[in-house]
Amino acid sequence: IRKVQPGAMGTGEKLETIYVAIASYRDWQCPHTVESVFNRARHPERIRVAVVDQVDPSDAKCVDPIEPCDANPEQALCRYRDQIDTL
């Protein structure tokens, strides 16, 4: 991916990807953290999140939306799901 020079927007050049790695051990706040990463970004489409999520079967996963996507599809965990990888 190449960096866009100032004033080059709209020329078809790709912007750099912002990579965020999260290691989570049974962290119930992890979904809020991922939401925050996308919601605070000026260009959320450039973000790629990788999560190492260590959970108990009874725990919520880091990529589980706070509300179901059917009820609130505007959540970052729904809108940018294809930009989040989990291990």
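Reading the values: the criteria
- Residues numbered from 1 in each chain as written.
- Predicted model: local features only at pLDDT ≥ 70, side-chain atom pairs only at ≥ 80, totals over all residues.
- Heavy atoms only, no water.
- Helix = DSSP H or I, 4+ residues; strand = E, 2+ residues; numbered from the N terminus.
- Polar contact = N/O pair within 3.5 Å; in protein donor to acceptor, adjacent residues only side chain to side chain.
- Contact = heavy atoms within 4.5 Å.
- Core = buried A, V, L, I, M, F, W, Y, C linked by side-chain atoms within 4.5 Å.
- Buried < 20%, exposed > 50% of the residue type's maximum accessible area, 1.4 Å probe, protein only.

Engineer: It is not clear to me how the side chain of Gln83 should be interpreted in this structure. Could you clarify?
Structural biologist: Mapped onto the secondary structure, Gln83 falls in the loop between helix H2 (76-79) and strand S3 (84-86). A distance of 3.0 Å separates a polar side-chain atom of Gln83 from the backbone oxygen of Pro44. A distance of 2.6 Å separates a polar atom in the side chain of Gln83 from the backbone oxygen of Ile47. Each residue touching Gln83, except ones within four places of it in the same chain, is listed here: Phe38, Pro44, Glu45, Arg46, Ile47, Arg48 and Val49.

Engineer: How do you make sense of the nonpolar core when you look at a structure like this?
Structural biologist: Side chains of a nonpolar character, in soluble globular proteins, are inclined to be buried together. One finds Ile22, Cys30, Val34, Phe38, Val49, Val51 and Ile84 to be the most contacted residues of the largest nonpolar core, which totals 13 residues. Looking at this core, the elements that each hand over two or more residues are helix H1 (30-40), strand S2 (47-54) and H2. Discounting residues that sit within four places of it in the chain, Ile22 has contacts with Cys30, Thr33, Val34, Val49, Ala50, Val51 and Val52.

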